[in-house]
Amino acid sequence: MKHILPFLLVLFVFSCKKGRDTSTESSLEPIDEMPVVIHDDSLAISPITVEEPIILKNVNVVEVEGIFRDADVSIRTLEILKDKTLAFAANKGIFGMNDLKTGMWQTSIIERDTLTLNFRATAHTSSDFFMLSIENPALLYKTGDKGRMVLVYEEQGEGVFYDAMTFWDDKDGIAIGDSVNGCISVIITRDGGATWKKLDCSQLPEAEAGEGAFAASNTNIKTLGDKAWFGTTHGNIYYTEDRGQTWQVTKTDISSEGDTQGIYSIDFYDELHGFAIGGDYKHPELNAANKIRTSDGGKTWELVAQNQKPGYSSCVQYVPRSGGQALVASSFQGVYYSTDSGNSWKEVTEAGFYALRFLNDSVAYGTGPGKIAKLTFKDSINVTY
């Protein structure tokens, strides 16, 4: 019988499949707080129809509170689990979780043979945590019935490189990677992550030469209802309306001329309204053709905020309960906030984060080089319908 999630997680941080246990527990060191006050110059737009009141914040203050620090750990992905605890996986085979009641962190290391594993993709169901390594071989682990991290998928071969993963629900999940043998790599589970199967290229659109995805924040894939969307290095967006049974691809106007350009992150507020962001991390100041928006479920996309900040961004997320009007974009250079569905943006902190995950409409958690932080977005609240 499967144990409940809290018990699984407490166990897994102390036990690793084929690896040494280096679990540690220590007090937290805060990252420097960086409250920033800015003026609100957002534009008003018509709200998207929703069944509950829209909570739209005119954010003027962002408090940044460090909750984890380790200079040797580069964290690009984070999960907020069912019980609101946080779990992450990072470079050097390191993964861990926290206890929100005590503020303590526990970390462990997975080692396999002589490999040094680099985890940039994570996911979770109501009962399990998953982490997927990049590069060859790709190794996908999940929590097992006894709390140990169990290897459930392995793939070896030239060009193998997985970038992101997520779940539709407790049964169906998906991970995507760079193209191999002429198509983007897609693996899917239908049994809660116990087994995974790679889609044959006959089930996918033909990839462009050298097409892949970015493993920058685990946010270049999004599932909602039965649908899923993911963006690629070539500015293409793949989407499915039947949980990966069939696929279509749309070419967007996101700039993708260079190897470090393309779509880095994508999010959807509902099944129609979505946003994607990219740029060039080697030239983060460039802000032309790096922000696109859809209102028809990803079939067509339009460029927005042309030649306006932000430039390169590794993550974009809709703010919950904002009617699709509020968005946050982040990168190693800082965080930007929009209250008009991405038409205009304002910088709210210079603190840099690879990825953000929202707990609610006011609180998000950010990951970065050597840190995890709690971001609190503050200002007056306008309630509309």
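Residues numbered from 1 in each chain as written. Predicted model: local features only at pLDDT ≥ 70, side-chain atom pairs only at ≥ 80, totals over all residues. Heavy atoms only, no water.

1. Comments concerning the overall build of the chain
Stage number 1. A tally of regular secondary structure across the chain gives one helix and 30 strands.
Stage number 2. Buried residues in the chain amount to 59% of all 385 residues.
Stage number 3. By sequence separation, contacts in the chain at least 24 residues apart represent 55% of the contacts at least 6 residues apart.
Stage number 4. For the chain, the computed accessible surface area is about 15,800 Å², with 48% contributed by carbon and sulfur atoms. (Helix = DSSP H or I, 4+ residues; strand = E, 2+ residues; numbered from the N terminus. Buried < 20%, exposed > 50% of the residue type's maximum accessible area, 1.4 Å probe, protein only. Contact = heavy atoms within 4.5 Å. Areas by Shrake-Rupley, 256 points an atom, 1.4 Å probe, with all protein chains shown as cover.)

2. A word on the packing of aromatic side chains
Stage number 1. As enumerated under the stated definition, the model contains 19 aromatic pairs in all.
Stage number 2. Summarising the aromatic geometry, the rings of Phe 130 and Phe 167 are spaced 4.9 Å apart at their centres and angled 40° between planes, so their arrangement reads as tilted. Separated by 37 residues along the polypeptide, Phe 130 in strand S9 (residues 129–133) and Phe 167 in strand S12 (residues 162–167) bring together distant segments of the chain.
Stage number 3. Residue classification places Phe 167 among the buried positions, given a relative accessible area of 8%.
Stage number 4. Consider the rings of Tyr 312 and Phe 332, whose centres lie 5.7 Å apart with planes at 35°: the pair is tilted. Of this pair, Tyr 312 sits in the loop between strand S23 (302–303) and strand S24 (315–318) while Phe 332 sits in the loop between strand S25 (327–331) and strand S26 (334–338); the two residues are 20 residues apart in sequence, bridging distant segments of the chain.
Stage number 5. Aromatic rings pair up to connect Phe 214, Tyr 264, Tyr 281, Tyr 312 and Phe 332 into one cluster.
Stage number 6. Note that Arg 76 overlies the ring of Tyr 354, its terminal NZ or CZ placed 3.9 Å from the centroid.
Stage number 7. Sitting above the plane of the Phe 353 ring, Lys 371 keeps its charged end 4.3 Å from the centroid. (Phe/Tyr/Trp six-rings, centres within 6.5 Å; stacked < 30°, edge-to-face > 60°. Lys NZ or Arg CZ within 6 Å of the ring centre and 35° of its normal.)

3. Considering the environment of Asp 163
Stage number 1. As for its placement among the helices and strands, Asp 163 is situated in strand S12.
Stage number 2. Take Asp 163: its relative accessible area is 0%, and that puts it in the buried class.
Stage number 3. Apart from the residues lying within four places of it in its own chain, the contact partners of Asp 163 are Arg 120, Ala 121, Ile 176, Gly 177, Asp 178, Ala 213, Phe 214, Ala 215, Asn 218 and Asn 220.
Stage number 4. Within the structure, the side chain of Asp 163 is placed 3.3 Å from the backbone nitrogen of Asp 178, a separation counted as a polar contact. (Polar contact = N/O pair within 3.5 Å; in protein donor to acceptor, adjacent residues only side chain to side chain.)

4. With respect to the pattern of salt bridges
Stage number 1. The full count for this structure, using the stated rule, is 13 salt bridges.
Stage number 2. Glu 154 serves as the salt-bridge partner of Arg 112, at 3.2 Å between the closest nitrogen and oxygen. Taken together, the residues span a long stretch of sequence, with Arg 112 in the loop between strand S7 (104–109) and strand S8 (119–124) and Glu 154 in strand S11 (residues 149–155) at a distance of 42 residues.
Stage number 3. For Asp 172, the salt bridge goes to Arg 190, with nearest N and O atoms at 3.6 Å. Of this pair, Asp 172 sits in the loop between S12 and strand S13 (173–180) while Arg 190 sits in the loop between strand S14 (183–189) and strand S15 (197–198), and the two are 18 residues apart along the sequence.
Stage number 4. Given the relative accessible area of 36%, Arg 190 is considered partly exposed.
Stage number 5. Ionic contacts of the salt-bridge type, sharing partners, join the residues Asp 169, Asp 172, Arg 190, Asp 226 and Arg 243 into one network. (Salt bridge = Lys/Arg side-chain N within 4 Å of Asp/Glu carboxyl O.)

5. Section: the sheet that holds strand S17 (residues 227–231)
Stage number 1. Read from one edge of the open sheet, four strands run S16-S17-S18-S19, paired in antiparallel fashion. Two strands close off the open sheet at either side, each with one partner strand: strand S16 (221–224) and strand S19 (248–251). If you compare each strand with its neighbour and ignore which way they point, the axes differ by 20° on average.
Stage number 2. Bridge count between S17 and strand S18 (residues 236–240): four bridges; the pairing is antiparallel. Residue pairing for S18: Trp 229 is matched across the bridge by Tyr 239. (Pairing = 2+ DSSP bridges. Axes fitted to C-alpha atoms, helices over the stretch in contact; angles between N-to-C directions.)

6. Side note on the confidence of the model for the chain
Stage number 1. Across the chain, the average pLDDT comes to 87, with 85% of residues at or above 70.
Stage number 2. A low-confidence stretch, residues 1–46 (pLDDT under 50), is modelled with 131 contacts involving residues beyond four sequence positions or located in other chains. (pLDDT = per-residue confidence, 0-100.)

7. Regarding the sheet that holds S25
Stage number 1. Read from one edge of the open sheet, four strands run S24-S25-S26-S27, paired in antiparallel fashion. The sheet is open, and its two borders are formed by S24 and strand S27 (346–349), each paired with just one other strand. For this sheet, the mean angle separating the axes of adjacent strands, direction not counted, is 30°.
Stage number 2. Where S25 and S26 come together, five bridges link them in antiparallel fashion. Paired with Ser 330 across the bridge in S26 is Val 335.

8. Details of the nonpolar core
Stage number 1. In this structure, Val 328, Tyr 337, Phe 353, Leu 375 and Phe 377 are the most contacted members of the largest nonpolar core, which totals 20 residues.
Stage number 2. Residue assignment for this core shows that the elements contributing at least two residues are strand S2 (54–57), strand S3 (61–74), S26, strand S28 (355–358) and strand S29 (363–378).
Stage number 3. Of all the elements, S29 adds the most residues to this core, at four residues.
Stage number 4. Not counting the four nearest positions on each side in its chain, Tyr 337 is found in contact with Lys 57, Val 59, Val 319, Ala 326, Leu 327, Val 328, Ser 344, Trp 345, Lys 346, Val 348 and Phe 377.
Stage number 5. Ranked by size, the runner-up nonpolar core spans 17 residues in total, among them Ile 174, Ile 184, Val 186 and Phe 230. (Core = buried A, V, L, I, M, F, W, Y, C linked by side-chain atoms within 4.5 Å.)

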